[in-house]
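One-letter residues, chain by chain:
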Amino acid sequence: MSRLIIEGLHKLDGEAVIHGAKNSVLPILAATILAGGTSEIANCPRLSDVRATSAILRYLGCSVTAQDEVVTVDPSGLCRSDIPDDLMREMRSSIVFLGAIAARMGEAHLSFPGGCELGPRPINLHLAALRRLGLVIEEERGRLNCHIRGQRLKGTTITLEQPSVGATENILLASATAEGVTVIVNAAREPEIVDLCCYLNACGARITGAGEGTITIEGVDRLGGCRHQVLPDRIETVTYMAAAAATGGRVVLSRTNPALIASVLPAFEEAGCHTDWSEASRLLTLEAPERLSRVTSVLTMPYPGFPTDAQAPVMAMTCVAQGTSVFIETIFDNRYRHVDELSRLGARIKVEGRVAVVEGVPRLSGAQVECTDLRGGAALVIAALAADGETEITALQHLDRGYDGLEEGLSNLGASIRREE
Ligand code: EPU
């Protein structure tokens, strides 16, 4: 069992490099099976979720090679249309393969991804949308058996009840090579959706409106391969900023873009941090005061609102702020599981349904804690950096799903952090 040992109260100061976005690279890797040729995906982070996605691609018959930060996928050997249960269970987002496999192979057989640490995570919107495109889906004992009615999926207008990121991705993958025009109304507007559309368009797809509420996909007969650079990870960006802020420190981030976190920057400003973006050097700097101020209220919303994935890291920083901060989580039912663990470190947080009220304390103290999920784990790391004494964090498999080289990055900023196996 691995654990992180963090000795807190070291002020962070220095530079960190932001990696490619996890939530961009996963659907893009799934999309590579639609391409007729090889795709080179650059700025690819080294994450267990990327390894799990690569394992699925290899199982399907693709060749996948990784060198430095470039993953190359050659889908010419694609020969299977199923994903075994154990590979599906590795990662909930593997459901995004459904639209791609069905479009490419005419059928798809995979298991229901089931619930996860954030709550039930239904896929009803994915299935309803794919059915509208002409996919026949039979649900049988936890398996989804799907085949296309006719030769190809058929474009149509799909109105999403809510702007689901995963459902929007599945529709994009299924409709890029469908017959006719597909229109997604109330589509997710996340930057990772825009990145997926950039990749697909570079392969020859005809998609317009990405990043807006309505996306139009004109189906093409076939796609080719391309080289694509994955966009920066906005949640990793926020995580480093919150870590520096919680220690009263300073961080300079490269290979990121503040436009991706425009809804989060006001929370840092309200907490008393100074942020600066230099267009010339393309560096984002955060400088924190000795003691943070409270953040009056954080309401998580679909993009361009405050991202649910940034809720836990920002909450960790407010645990040591002066005053009371309020969080309202509107995206997931069960996204406060880190609260009990933060409380072990001395945080004062009350949760009532979707609302969490954080009463800042002058100092946290080190303890033994366990990651409850990916972003909850990041919150524990941030809190531990601001805690007096030693903190031991276990269940690191959650962190490893989404952060590339976190210990190394934080050590370079002056944190006392080490991993023990
Ligand atoms: N929902 C439904 N039915 C569906 C699909 C979604 O009810 O068919 C609900 C979900 O239960 C949830 C809400 O809609 O309450 C939003 O879900 P969405 O589909 O937008 O999220 P997702 O695609 O499952 C992605 C990210 C998450 C991120 C959310 C919201 C990936 C791989 N995952 O999940 O990232 O929190 O969008 O932005 O892209 C993370 O990185 O830690 C993470 C959990």
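Each remark here, short or long, concerns the structure printed above.
Small disclaimer: the values here were computed from a predicted structure and weren't measured.

Definitions and limits used
- Residues numbered from 1 in each chain as written.
- Predicted model: local features only at pLDDT ≥ 70, side-chain atom pairs only at ≥ 80, totals over all residues.
- Heavy atoms only, no water.
- Near = heavy atom within 4 Å.
- Polar contact = N/O pair within 3.5 Å; in protein donor to acceptor, adjacent residues only side chain to side chain.
- Helix = DSSP H or I, 4+ residues; strand = E, 2+ residues; numbered from the N terminus.
- Buried < 20%, exposed > 50% of the residue type's maximum accessible area, 1.4 Å probe, protein only.
- Pairing = 2+ DSSP bridges.

Student: I'd love a proper account of the site of the ligand, names of residues and values included.
Tutor: In the vicinity of the ligand lie 22 residues, with Asn-124, Leu-125, Ser-164, Asp-309 and Ile-331 positioned nearest. Here Leu-125 contributes a backbone N or O atom positioned 2.8 Å from an oxygen atom of the ligand. Here an oxygen atom of the ligand sits 3.3 Å away from a polar atom, N or O, in the side chain of Arg-335. Broken down by secondary-structure element, the contributors of at least two residues to the shell around the ligand are helix 1 (22-31), helix 5 (124-132), helix 6 (165-175) and helix 12 (374-385). Broken down by element, the residue count for the shell around the ligand peaks at three residues, all from helix 5.

Student: Could you give an account of the pairing of strand 15 (residues 250-254), naming the residues involved and the relevant values?
Tutor: The side chains of a regular strand alternate, first on one face of the sheet and then on the other. Burial of strand 15 is extensive: four of the five residues sit out of reach of the surface. With five bridges joining them, strand 2 (residues 13-17) and strand 15 adopt parallel strand pairing. Its bridge partner being in strand 15, Asp-13 is matched across the sheet by Arg-250. Pairing geometry for strand 15 and strand 17 (residues 283-287), over four bridges, is antiparallel. Across the sheet, the residue bridging to Val-251 is Leu-286, located in strand 17.

Student: Before we move on, could you go through the sheet that holds strand 8 (residues 135-140) and cite the residues and values that matter?
Tutor: Hydrogen bonds along the backbone pair up the strands of a sheet, which may run parallel or antiparallel. Ordered by their spatial adjacency, four strands build an open sheet running 6-7-9-8, and the pairing between neighbours is mixed. The sheet is open, and its two borders are formed by strand 6 (82-83) and strand 8, each paired with just one other strand. The pairing of strand 7 (residues 107-111) with strand 9 (residues 143-148) spans five bridges and is antiparallel. Paired with His-109 across the strands is Asn-145, a residue of strand 9.

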